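# A look at the structure
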Amino acid sequence: MKYAADNRLVQAIYAFTTGATKPLFISIVVVCLAVGLYGPVRDYYVAWRAGGILEQQVDIREGYNGGLKSEVDAYLTDEGVEDAARRDLGLVKEGETRIEVTGTDDASDAAASDGVSTSAEADEAEAQVAQEAPWHLKMLDAIFGFTGVDGQSVASTGDAS
């Protein structure tokens, strides 16, 4: 009966893995592992990055929708309708006198708000999210070939369950 140590192939493998070629063997193993793991790690990174961008975009859209909801809720009250008629149409109640004050800056009030006020601003803020990334994410985007979330969207049926 032959022993494993007597086999020339076993002796050659042993010499390759333990002799002067040991660093080459370790390099080959590391390269094979890196090549084998690149695909799954890339897929995970792309999914993680796209999920983060889409989550930020959803937060922006929910903030915009929340602002619209509060505005609609204000219009559903008598005081809200009166305020809108006074502000937007310049109407006054019977017996009241309209006084117009000039020189106020309405733009500063709009700039002070944290959210977006129009759908176009919300769309622009959503598009800007993907562009605003730290340097290390941009580097990883290049390594893993992440090109953005174009064509991807968050779909919901509206069911809470």
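What comes next concerns the included structure.

## Considerations on the overall build of the protein
Counting secondary structure elements, the protein contains 6 helices and 0 strands. Seen in sequence order, the protein has helices and strands lined up from the N terminus as α-α-α-α-α-α. Taking all 161 residues of the protein together, 14% fall into the buried category. Long-range pairs, those at least 24 residues apart, make up 67% of the contacts in the protein with a sequence separation of at least 6. Counting only carbon and sulfur atoms, one obtains 59% of the accessible surface of the protein, whose full area is about 12,900 Å².

## Details of the packing of aromatic side chains
Using the criterion set out here, one finds 4 aromatic pairs in the structure. With a centroid separation of 5.7 Å and 25° between ring planes, the pair formed by Y38 and F144 is classed as stacked. Pair noted here: Y38 is in helix α2 (residues 22-75) and F144 is in helix α6 (residues 135-144), with a separation of 106 residues, a long-range link. Classification of Y38 by relative accessible area gives partly exposed; the value is 38%. With centroids separated by 5.1 Å and ring planes inclined at 35°, the aromatic side chains of Y45 and F144 adopt a geometry described as tilted. Of the two residues, Y45 is situated in helix α2 and F144 in helix α6; the sequence distance between them amounts to 99 residues. Residue classification places Y45 among the buried residues on the basis of a relative accessible area of 6%. Among the residues examined, F144 registers a relative accessible area of 11% and is labelled buried.

## Considering the side chain of E126
Along the chain, E126 falls in helix α5 (residues 119-131). Beyond its immediate chain neighbours, meaning those up to four positions away, E126 contacts Q57, I60 and R61.

## Considerations on the pattern of salt bridges
Pairing between side chains of opposite charge can happen when their charged atoms approach one another. Within this structure, the stated rule accounts for 8 salt bridges. With a closest N to O distance of 3.2 Å, K69 and D73 form a salt bridge. Taken as a pair, K69 and D73 lie in helix α2 at a separation of 4 residues, close to a single helical turn. By relative accessible area, which is 53% here, K69 ends up exposed. With a closest N to O distance of 2.7 Å, R86 and E96 form a salt bridge. With R86 in helix α3 (residues 78-89) and E96 in the loop between α3 and α4 (106-112), this pair connects stretches of sequence that are 10 residues apart. Here R86 falls in the partly exposed class, since its relative accessible area comes to 33%. Under the relative-accessibility criterion, E96 is labelled partly exposed at 35%. Residues participating in the shared-partner salt-bridge network are R61, D123 and E126.

## Concerning the nonpolar core
A general trend in soluble globular proteins is that nonpolar side chains are found buried together. In this structure, Y45, V46, A50, I53, L54, V129, A133, L137, F144, F146 and V149 together form the largest nonpolar core, which totals 11 residues. Of all the secondary structure elements, the ones that give two or more residues to this core are α2 and α6. If we ignore the near neighbours within four places in the chain, the residues touching V46 are F144 and F146.

## A closer look at the packing of α2 against α5
Axis separation between α2 and α5 bottoms out at 9 Å; the angle between their running directions is 160°. Between α2 and α5, the crossing angle belongs to the class labelled roughly antiparallel. The handedness of the crossing between α2 and α5 comes out as right-handed. Where α2 abuts α5, its residues R49, I53, Q56, Q57, I60, R61 and Y64 lie against S119, A122, D123, A125, E126, A127, V129 and A130. In terms of residue class, the contact of α2 with α5 is built from 8 nonpolar, 3 polar and 4 charged.

Analysis parameters
Residues numbered from 1 in each chain as written. Predicted model: local features only at pLDDT ≥ 70, side-chain atom pairs only at ≥ 80, totals over all residues. Heavy atoms only, no water. Helix = DSSP H or I, 4+ residues; strand = E, 2+ residues; numbered from the N terminus. Buried < 20%, exposed > 50% of the residue type's maximum accessible area, 1.4 Å probe, protein only. Contact = heavy atoms within 4.5 Å. Areas by Shrake-Rupley, 256 points an atom, 1.4 Å probe, with all protein chains shown as cover. Phe/Tyr/Trp six-rings, centres within 6.5 Å; stacked < 30°, edge-to-face > 60°. Salt bridge = Lys/Arg side-chain N within 4 Å of Asp/Glu carboxyl O. Core = buried A, V, L, I, M, F, W, Y, C linked by side-chain atoms within 4.5 Å. Axes fitted to C-alpha atoms, helices over the stretch in contact; angles between N-to-C directions. Parallel < 35°, antiparallel > 145°, perpendicular 65-115°, else oblique. Left-handed = near helix turned anticlockwise from the far one by under 90°. Nonpolar A, V, L, I, M, F, W, Y, C, P; charged D, E, K, R; others polar.

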